[in-house]
Amino acid sequence: MTKILLNRVQYLPSSFIKLSFCRAPKSLPILQIKNKEYQADEISNVTPKILSYLNRNLHLQKDHPLSKVRQRIVNYFYSSFTHRGNPAFSVYDNLSPVVSTKQNFDDLLIPEDHPSRAKSDCYYVNSTTLLRAHMTAHQSELLKAGLENFLMIGDVYRRDEIDSTHFPVFHQVDAVRSQRKEHLFENHPGLEIFETTFDPETPHLCQNNIIDPVKQSCHTLEATKLMEAQLKNHLVGLVKVLFGDEIQHRWVEAYFPFTHPSWEMEIFYENKWMEVLGCGIVRNEILAASGPNNSIAYAFGIGLERIAMALYKIPDIRLMWSNDSGFLTQFQNKDLNANITYKPVSVYPQCTNDLSFWLPSTLTVDTFMSNDFYDLVRDIGGDVIEQVKLKDKFVHPKTKKQSLCYSIVYRHLERTLTQAEVNKIHKDIERAAQQVFGVQIR
Ligand code: DAH
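Not measured: the values here are computed from a predicted model.

What counts as what
Residues numbered from 1 in each chain as written. Predicted model: local features only at pLDDT ≥ 70, side-chain atom pairs only at ≥ 80, totals over all residues. Heavy atoms only, no water. Buried < 20%, exposed > 50% of the residue type's maximum accessible area, 1.4 Å probe, protein only. Helix = DSSP H or I, 4+ residues; strand = E, 2+ residues; numbered from the N terminus. Pairing = 2+ DSSP bridges. Near = heavy atom within 4 Å. Polar contact = N/O pair within 3.5 Å; in protein donor to acceptor, adjacent residues only side chain to side chain. Areas by Shrake-Rupley, 256 points an atom, 1.4 Å probe, with all protein chains shown as cover. Nonpolar A, V, L, I, M, F, W, Y, C, P; charged D, E, K, R; others polar. Phe/Tyr/Trp six-rings, centres within 6.5 Å; stacked < 30°, edge-to-face > 60°.

### Quick look at the pairing of strand β10 (residues 169-180)
Part 1 of the argument: Taking burial as the measure, the 12 residues of β10 include 11 buried ones, the bulk of the element.
Part 2 of the argument: In this sheet, strand β14 (residues 295-303) lies alongside β10 in antiparallel orientation, the contact comprising 9 bridges. Residue Q172 lies in a different strand from β14, and its bridge partner there is G303.

If you want it as structure tokens, here you go:
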């Protein structure tokens, strides 16, 4: 992996392309993000296009479908859990998406070599700072602040392919619910959260392990099973509130470094099983380091786009970012829980152009990072890029020169694009690809 990264031509924002090619790394630019300055380094890969999404806050925009789903989820948790008449969950929906690698990974026990840390998957501001890749990044700091039940809601950033269901920015609701022994075993005071061999007062002296698929070694089976039942019950209740009592669901065993055991929930939607959330029992190492240490907690993370797209039948994820009144007005002046079915304003034609290039001798069809190419395409083409597909890999039988062919699908959501317009963007992408990756257009 390291080797591939070292051989790669760095992809920096288009405005830095020249800088990165002719100056020593020391003079890399200072990035200004939300009134703070960050020194770029060899890891930086955020692009101006991606940074432009930071101020949108779609999840807080009145009547936006993502905001509606957020409110419905928050209302469900407010009404399901009260403490002396007040909501038991606190809601954080305005936390800055610029986080440290410690928050996003280390605090959550994500190993140094875990693939989710790869530069090809995340938007790094520099080697110690990135745009959060999940809302779980705030879990430890909020536990440290003394909170026990809370929801974290916001935009998250991941480098990904481009199609109607993937966008490099999406939104999540993440949550933690902790319980102390007195609450969990209110009616069974004889039962314990921790095994007798584990002393929660000195967790650092006792090893916790996850060898047993059913529970963490520090927890009792009773505590784990009771939390598992509550967790699953609450989440099934949530999808029923959102999709109706008839919605079918199933639980799939999963792995997350920060929970054990872990599950994903899928719902049956349009004749397919669709994953909607991840969850599990919080690893005790995290609670011991940051939280109330005589308790057990469960946590979950839900993607808002998938839910909103299914609920309102929104066919393309890019519509979420549309400022077009034809889209937004369909969600205005409606009851929060009203059934809304999105009606396409009109469908403008797509336009597909192929782009083939020879790779420089330092790269092969297997080491070339498609995500770098996707970012470049999006950086130049913006939101008219509907999809980018790898169409063909080719190794010349004699010269052994290697080439790749990508199909780029262009479509404007609000008007018809002319071929001339598309050709111009396509040419710009070709030029940028030559400059950034050193490829030769075929
Ligand atoms: N952070 C995970 C993701 O983005 C989702 C998740 C899984 C969140 C389990 C949680 C959790 O809080 O307990 O894929």
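### A few points about the site of the ligand
Part 1 of the argument: Lining the immediate environment of the ligand, one finds 14 residues, of which H134, T136, R158, Q172 and D174 sit closest.
Part 2 of the argument: Here a nitrogen atom of the ligand sits 3.0 Å away from a polar atom, N or O, in the side chain of H134.
Part 3 of the argument: Contact distances for the ligand include 3.0 Å between an oxygen atom and a side-chain N or O atom of Q172.
Part 4 of the argument: Burial of the ligand by the surrounding chains reaches 89%, relative to a free accessible area of 360 Å².
Part 5 of the argument: For the shell around the ligand, the elements supplying multiple residues, two or more each, are β10, β13 (272-282) and β14.
Part 6 of the argument: Within the shell around the ligand, the residues separate by chemical class into 5 nonpolar, 7 polar and 2 charged.

### Quick notes on the packing of aromatic side chains
Part 1 of the argument: Taken as a whole and assessed by the stated rule, the structure comprises 22 aromatic pairs.
Part 2 of the argument: Taken together, a centroid distance of 6.2 Å and an interplanar angle of 55 degrees make the contact between W358 and F394 tilted. Of this pair, W358 sits in strand β15 (residues 351-358) while F394 sits in strand β16 (residues 385-395), and the two are 36 residues apart along the sequence.
Part 3 of the argument: For F394, a relative accessible area of 29% puts it in the partly exposed group.

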